[in-house]
There are 2 protein chains.
Amino acid sequence: MKLVELMIPLNAHGAKPMYEQIYQYIKGEIRQGSLREGVRLPSTRTLAENLKVSRSTTQMAYDQLMAEGYIEALPNRGYFVLRMEELLEAETELQGAFIQESEKSEGGAEIDFSPRGIDLTHFPYNTWRKVTRNTLVEDNKEMFLTGSPQGEPALREAIRGYLHSARGVSCQAEQIIVGAGNEYLLMLLSQILGHGRAIAMENPTYKQAYRVLESLGCRMAPVKMDSFGMEVQALEATGADVAYVMPSHQYPTGIVMPVTRRQELLQWAGRKKNRYLIEDDYDSEFRYRGRPIPALQGLDKTGKVIYMGTFSKSIAPAIRMGYLVLPNPLLSVYQKKLGFYACTVSRIDQNILYQFLTEGYYERHLNRMRAIYKGKHDCLLGQLRGLEEDFEIRGEYAGLHILLTSKKGRSEEWLIQEAEKRGVKVYGLSSHCIHGLRDSGPSTVMLGYAKLSEEQIEEGVRRLCEAWIAKY
Amino acid sequence: MKLVELMIPLNAHGAKPMYEQIYQYIKGEIRQGSLREGVRLPSTRTLAENLKVSRSTTQMAYDQLMAEGYIEALPNRGYFVLRMEELLEAETELQGAFIQESEKSEGGAEIDFSPRGIDLTHFPYNTWRKVTRNTLVEDNKEMFLTGSPQGEPALREAIRGYLHSARGVSCQAEQIIVGAGNEYLLMLLSQILGHGRAIAMENPTYKQAYRVLESLGCRMAPVKMDSFGMEVQALEATGADVAYVMPSHQYPTGIVMPVTRRQELLQWAGRKKNRYLIEDDYDSEFRYRGRPIPALQGLDKTGKVIYMGTFSKSIAPAIRMGYLVLPNPLLSVYQKKLGFYACTVSRIDQNILYQFLTEGYYERHLNRMRAIYKGKHDCLLGQLRGLEEDFEIRGEYAGLHILLTSKKGRSEEWLIQEAEKRGVKVYGLSSHCIHGLRDSGPSTVMLGYAKLSEEQIEEGVRRLCEAWIAKY
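Predicted model only: the values in this text are computed from it and were never measured.

Participant: Looking at this structure, I do not really get the sheet that holds strand 18 (residues 444-448) of chain B. What am I missing?
Facilitator: Strand pairing in a sheet is mediated by backbone hydrogen bonds. Such pairs are either parallel or antiparallel. Residues and elements named next belong to chain B. Strand order across the open sheet formed by four strands is 14-15-18-17, with antiparallel pairing between neighbours. Each having just a single partner strand, strand 14 (391-394) and strand 17 (427-428) make up the two edges of the open sheet. Sheet topology note: the strand 14/strand 15 (residues 401-406) ladder contains four bridges and is antiparallel. Bridging across to strand 15, Ile393 finds its partner in Leu404. The sheet contacts of helix 15 (residues 361-384) involve strand 14, strand 15 and strand 18, and relative to strand 15 the element is tilted by about 15°. Sheet contacts for helix 16 (residues 412-421): strand 14, strand 15, strand 17 and strand 18; angle to strand 18, the most-contacted strand, approximately 40°.

Here you go:
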């Protein structure tokens, strides 16, 4: 039995948590063959002592290695490296199971303009910890029991207040349903709307929602957009009675839907009893120019808009909290058909969020993030001046990404590949098109800036200029 | 404008949190008419100072009153009591929206033998707080990003280890899907199995699961039980290809399925390719006599069992964490069709649970709760000796409730009503029967003891004897 000593270079200030650095290192050693089958690893205790980390850190690294089939634990003997064939099997099984936002967006590129990233270096960890501490007190043991199916009444009231003042949404707290993320809320919604409904979506669109609705048995109808958003005539032609739109800041095009188009959509919805608009207001918190446009829901006087919001962008994706605001006719359907479903969000977490909202932390956090994102946004736009001759710059009013459309007839693939050669990742618009179809328009790439520092943005754009301009 | 002073009697050591006591008091005053329309309530700050509670406590009480439409907030003016008509409207709207476990189980009875309760007075608040504090550290900022769709690999490995040693479940971590509660997992499962499948369930059964599956469009087939559990011939006759069973401790009958019947069910499943058994192992942690019987999943060598587990009973319902263990053929379906769904459980909470499991806290907590529940269980059985002549006592080997079946031909209604007259709530078995049908058997009531103290159990049974025996 061979016992190895592991010398793992750790970076305590790196972006990756320590356990992941240990896990990555050992995994690399096994895959390269430096650690062979049957080799015994040091115990979690010994390794923790050697690396000066806590034992739960080494335990977590080993657990992940076991979960992925790289090592096994033998009772009273220790941890051993597994055979390579077993590894290959394990990897096949794991296909699709480990899509992590963090991994996806890294992908080897040095500067990743991921349009789905958010800035977590400014997350108010101390405040969150404080609020959590205040919530987990013995007086609150009630909080560990099942709560209200729609979510805690006090939290819903706080959300209602926020939506009213910040987004012009007009509703009662009892119209709000709190749920564990977009997918779950869409699952609920598809049951409320009834199985097999036809749902129209802007094309290009937020593919995740498209795939979820499709997997739920909805008949999906992609609808063309003009510069104002979804075309109402094209929508009418699909025969769909439900349309999913993102009026505040369409993903991925960045189009902010003007009031005239909003009213046309509401009129379309008003023409039949069973018609509804789903308004996905996923990142309306971030807006840099002009007056904020209130939500479509606020314009609607006839109960035609289903409003969806989330705290994934404005707080953090990991907290898994979103909500639906249902118009009254659909609220009745929900209460009759699904009112007995328990809420999917931990009551403790709901109370943490409630404190975060009502004690002013959320507003402060949003103001701070708006300033930070505006700084990055302005930095990016400033840097992009060098590209203005070759590209049209769009979507710069809101959200966390902008779009560059080639004026010189470059293909999307070429733009992406040339950037990649210089260690920069940009994202093609066509991957957001339903059925991979792309309107005749010129090729466009997306640049998200939320996760990058201003230095990275500057360096990234410098390399893009090199990649795309010097070639002429 | 009338401003009132509120003198609210608060009990800092009561079962209800302070905010709820304040909310209940003011609601009562409004409903009785002591606080009339237009009356201005003290500000949350003033009330907090007067009552010596934190401002977030009074804010929470007011928010709940607003959410339920008892009061309104006028900008820069304060909180005002609303009109009574508006109250009535609000109450109608709220129907069904505020079913809270806590409220349901109170229902006015002094001693409530709810079979769904759990003991939260012994919840390890300090440990949970400590683990939470350790999780919410800046090094872990990764944790605020989206995680793996099936749940954190390390947590799944910890669950696998627990299931293996405690329940004899044999699986890989990648077969486990962590999700936000039973309802969500059933939603996933119904998509994995395909829309409109026929699903057989024991009758009587856990009604919540029945209703969820029915609302998802499954065709439900109730199946008779004998003293061993679901009858296999009756199952065969339904034509259903999926059977939902609770072999460890059937809810509500308390039947522990013997190995012979388990094998018959596995044989039934083996006879067709598309047949599956759903094993709901909701409270197997608690067992008082005999050797623990391993899960049905552990007997299965052919990938026919879908295993469902939860931490609702063993930790707390509010944390909303459960999991599925999928056999490999269904895992492939899941990964192909639904592998892109984001996990519904907060990554932070998953990491808290991971620490709780791997640092030995869970085991310690379970051992403690087992001892506490066994104490209550033995106390109840001891007390019930006085009823032995009139009732058959069943389901006493496991779980958190027992059953009393009348030997003297008393009706269920009569038993419940006579108990109620003496402030004791017991639960009829017939409410768990599908279609309200009740097999010819004699009437049976359920007594849950998890939430009650031994004193309450003694007093409760004393009253039941008075109610049911003195009548002869």
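Participant: Looking at this structure, how should I read the relation of the copies chain B and chain A?
Facilitator: Mapping between the two copies of the chain is achieved by a rotation about an axis and a shift along the axis. Mapping chain B onto chain A is achieved by rotating through 180° and translating by 0.0 Å along the same axis, at an RMSD of 0.1 Å. Taken together, the rotation and translation relating the two chain copies correspond to the operation of a two-fold axis. A share of 98% of the interface residues of chain B reappears at the interface of chain A, consistent with the copies meeting face to face through the same patch.

Participant: Would you take a moment to explain helix 14 (residues 347-358) of chain B for this structure?
Facilitator: Helical geometry: 3.6 residues make up each α-helical turn, so side chains three or four residues apart lie on a common side. All names here are of chain B. In a regular helix each residue adds 1.5 Å, so twelve residues correspond to 16 Å; helix 14 covers 16 Å between its end C-alpha atoms and thus fits that length. For helix 14, the buried fraction is high: eleven of the twelve residues fall into the buried class. Buried within helix 14 we find Arg347, Ile348, Asp349, Gln350, Asn351, Ile352, Leu353, Tyr354, Gln355, Phe356 and Leu357. The distance from a side-chain oxygen at the start of helix 14 to the backbone nitrogen of Ile348 is 3.2 Å, and the residue carrying that oxygen is Ser346. At the C-terminal side of helix 14, Gly360 shows a positive phi close to 85°.

Participant: Honestly, the interface of chain B and chain A in this entry has me stumped. Any pointers?
Facilitator: How large an interface is tends to be reported as the accessible area lost when its parts come together. On the side of chain A, 86 residues touch chain B, which itself brings 88 residues to the contact. Between chain B and chain A lies a buried interface of about 8000 Å² when both sides are counted; carbon and sulfur atoms form 59% of it. Looking only at chain B, the three residues that lose the most surface to chain A are Tyr125, Phe144 and Phe340 of chain B, adding up to 9% of its buried area. Inspection of the chain B/chain A interface yields zero salt bridges. Taken together, the connections running from chain B to chain A amount to 16 residue pairs in polar contact (both at pLDDT 80 or more). Taken together, the residues of the side of chain B that touches chain A break down into 41 nonpolar, 26 polar and 21 charged.

Participant: Would you mind going over a positive patch on the surface with me for this structure?
Facilitator: A cluster of basic side chains, namely Lys130, Arg133 and Arg364 of chain A together with Lys130, Arg133 and Arg364 of chain B, defines a positive patch on the protein surface. Looking at the positive patch, the elements that each hand over two or more residues are helix 6 (125-135) of chain A together with helix 6 (125-135) of chain B. Of note, Arg133 of chain A is situated in helix 6. On the basis of relative accessibility, which here comes to 38%, the residue Arg133 of chain A falls in the partly exposed class.

Participant: Any chance you could explain the sheet that holds strand 18 (residues 444-448) of chain A here in plain terms?
Facilitator: Residue and element names in this part refer to chain A. A sheet is described by the order of its strands in space; here four strands give the open sequence 14-15-18-17, paired in antiparallel fashion. Looking at the sheet topology across the chains shown, the edges are occupied by strand 14 (391-394) and strand 17 (427-428). Taken together, the two bridges between strand 17 and strand 18 define a ladder with antiparallel strand orientation. Bridge pairing in strand 18 places Gly428 opposite Val445. Against the sheet, helix 15 (residues 361-384) engages strand 14, strand 15 (401-406) and strand 18, with an angle of about 15° to strand 15.

Participant: Hey, could you run me through empty space enclosed by the protein in this one?
Facilitator: A probe as big as a water molecule, rolled over the atoms, marks out the empty space that is left. Scanning all chains against the criterion turns up 17 cavities of 30 Å³ or more. Of the pockets and cavities examined, the largest cavity occupies roughly 160 Å³. What lines the largest cavity is a set of 17 residues, among which Ile348, Asp349 and Ile352 of chain A together with Asp349 and Ile352 of chain B lie closest to the centre. Those elements giving two or more residues to the lining of the largest cavity turn out to be helix 6 and helix 14 (347-358) of chain A together with helix 6 and helix 14 of chain B. Grouping the constituent residues of the lining of the largest cavity by class yields eleven nonpolar, four polar and two charged.

Participant: Is there a simple way to explain the domain arrangement of chain A in this structure?
Facilitator: All names here are of chain A. Domain boundaries assigned for chain A yield domain 1 (18-82), domain 2 (146-359) and domain 3 (369-468). Averaged C-alpha coordinates put domain 2 and domain 3 at centres separated by 28 Å. Tallying the contact residues gives 21 residues for domain 2 and 23 residues for domain 3. With both chains or domains summed, domain 2 and domain 3 bury close to 2200 Å², and 62% of this area falls on carbon and sulfur atoms. Sorting the residues of domain 2 by area buried against domain 3 places Phe286, Tyr288 and Arg289 first, and these three jointly supply 33% of that buried surface.

Participant: How do you make sense of the nonpolar core when you look at a structure like this?
Facilitator: One recurring pattern in soluble globular proteins is that nonpolar side chains are buried together. Core analysis: the largest hydrophobic core is formed by 149 residues, its most contacted members being Trp468 of chain A together with Trp468 of chain B. Other than its neighbours up to four places away in sequence, Trp468 of chain A contacts Leu387, Phe391, Leu404, Trp414, Leu415, Glu418, Ala419, Val426 and Val445 of chain A.

Participant: What am I meant to see in the packing of aromatic side chains here?
Facilitator: Aromatic ring pairs are defined here through the distance separating the ring centres and the angle between the ring planes. Residue and element names in this part refer to chain A. If you walk through the whole model with that rule in mind, you get 31 aromatic pairs over all chains. With a centroid separation of 5.6 Å and an interplanar angle of 55°, the aromatic rings of Phe311 and Tyr323 are classed as tilted. In this pair, Phe311 is assigned in the loop between strand 12 (305-310) and strand 13 (322-325) and Tyr323 in strand 13, connecting sequence segments twelve residues apart. Taking relative accessible area as the criterion, Phe311 reaches 1% and is therefore assigned buried. Residue classification places Tyr323 among the buried residues on the basis of a relative accessible area of 2%. A centroid spacing of 5.6 Å and a plane angle of 75° characterise the contact between Phe311 and Tyr362, whose relative ring orientation is edge-to-face. Within this pair, whereas Phe311 is found in the loop between strand 12 and strand 13, its partner Tyr362 is found in helix 15, the two being separated by 51 residues in sequence. Of the two residues, Phe311 and Tyr362, both sit in the buried class.

Participant: It is not clear to me how the packing of helix 6 of chain A against helix 14 of chain A should be interpreted in this structure. Could you clarify?
Facilitator: For any two helices packed against each other, one specifies the inter-axial angle together with the distance between the axes. Residue and element names in this part refer to chain A. In contact at an axis separation of 9 Å, helix 6 and helix 14 are set at 120° when each is read in the N-to-C sense. The angle between helix 6 and helix 14 places the two elements in the oblique class. With respect to the hand of their crossing, helix 6 and helix 14 are arranged in right-handed fashion. Judged by residue contacts, Thr127, Trp128, Val131, Thr132 and Thr135 of helix 6 engage Ile348, Asn351, Ile352, Gln355 and Phe356 from helix 14. A per-class count over the contact of helix 6 with helix 14 returns five nonpolar, five polar and no charged.

Participant: How should the side chain of Glu183 of chain B be read in this particular structure?
Facilitator: Note on placement: Glu183 of chain B falls in helix 8 (residues 181-193). Within the structure, the side chain of Glu183 of chain B is placed 2.9 Å from the backbone nitrogen of Ala342 of chain A, a separation counted as a polar contact. One polar contact links Glu183 of chain B to Gln208 of chain B, side chain to side chain, over a distance of 2.6 Å. Not counting chain neighbours up to four residues away, the residues in contact with Glu183 of chain B comprise Phe340, Tyr341 and Ala342 of chain A together with Gln208, Val212 and Arg320 of chain B.

Participant: What is the right way to read the pairing of strand 18 of chain B from this model?
Facilitator: Working note: regular strand, side chains alternate between the two faces of the sheet. Residue and element names in this part refer to chain B. Within strand 18, five of the five residues are buried, which leaves the element mostly enclosed by the surrounding structure. Residues of strand 18 alternate between two faces, with Thr444, Met446 and Gly448 on one and Val445 and Leu447 on the opposite face, all of them buried. By the bridge criterion, five bridges tie strand 15 to strand 18 in an arrangement that is antiparallel. Bridge assignment links Leu404 to a residue of strand 18, and that residue is Val445.

Thresholds applied
- Residues numbered from 1 in each chain as written.
- Chains lettered and ligands numbered in written order.
- Predicted model: local features only at pLDDT ≥ 70, side-chain atom pairs only at ≥ 80, totals over all residues.
- Heavy atoms only, no water.
- Pairing = 2+ DSSP bridges.
- Helix = DSSP H or I, 4+ residues; strand = E, 2+ residues; numbered from the N terminus.
- Contact = heavy atoms within 4.5 Å.
- Axes fitted to C-alpha atoms, helices over the stretch in contact; angles between N-to-C directions.
- Least-squares fit on C-alpha atoms with pLDDT ≥ 70 in both.
- Expected span 1.5 Å × (residues − 1).
- Buried < 20%, exposed > 50% of the residue type's maximum accessible area, 1.4 Å probe, protein only.
- Polar contact = N/O pair within 3.5 Å; in protein donor to acceptor, adjacent residues only side chain to side chain.
- Buried area = accessible area lost by both parts, 1.4 Å probe.
- Salt bridge = Lys/Arg side-chain N within 4 Å of Asp/Glu carboxyl O.
- Nonpolar A, V, L, I, M, F, W, Y, C, P; charged D, E, K, R; others polar.
- Patch = residues over 30% accessible without salt bridge, like charges linked within 9 Å, V, L, I, M, F, W, Y side chains within 5 Å.
- Areas by Shrake-Rupley, 256 points an atom, 1.4 Å probe, with all protein chains shown as cover.
- Lys, Arg positive; Asp, Glu negative; His and termini not counted.
- Charge placed at Lys NZ, Arg CZ, Asp CG, Glu CD.
- 1 Å grid on protein atoms, 1.4 Å probe; cavity = no way out; pocket = protein on both sides within 12 Å on 5 of 7 lines; lining within 4 Å.
- Points joined across faces, edges and corners; volume = space filled by probe spheres on them.
- Domains from an automatic or database assignment.
- Core = buried A, V, L, I, M, F, W, Y, C linked by side-chain atoms within 4.5 Å.
- Phe/Tyr/Trp six-rings, centres within 6.5 Å; stacked < 30°, edge-to-face > 60°.
- Parallel < 35°, antiparallel > 145°, perpendicular 65-115°, else oblique.
- Left-handed = near helix turned anticlockwise from the far one by under 90°.

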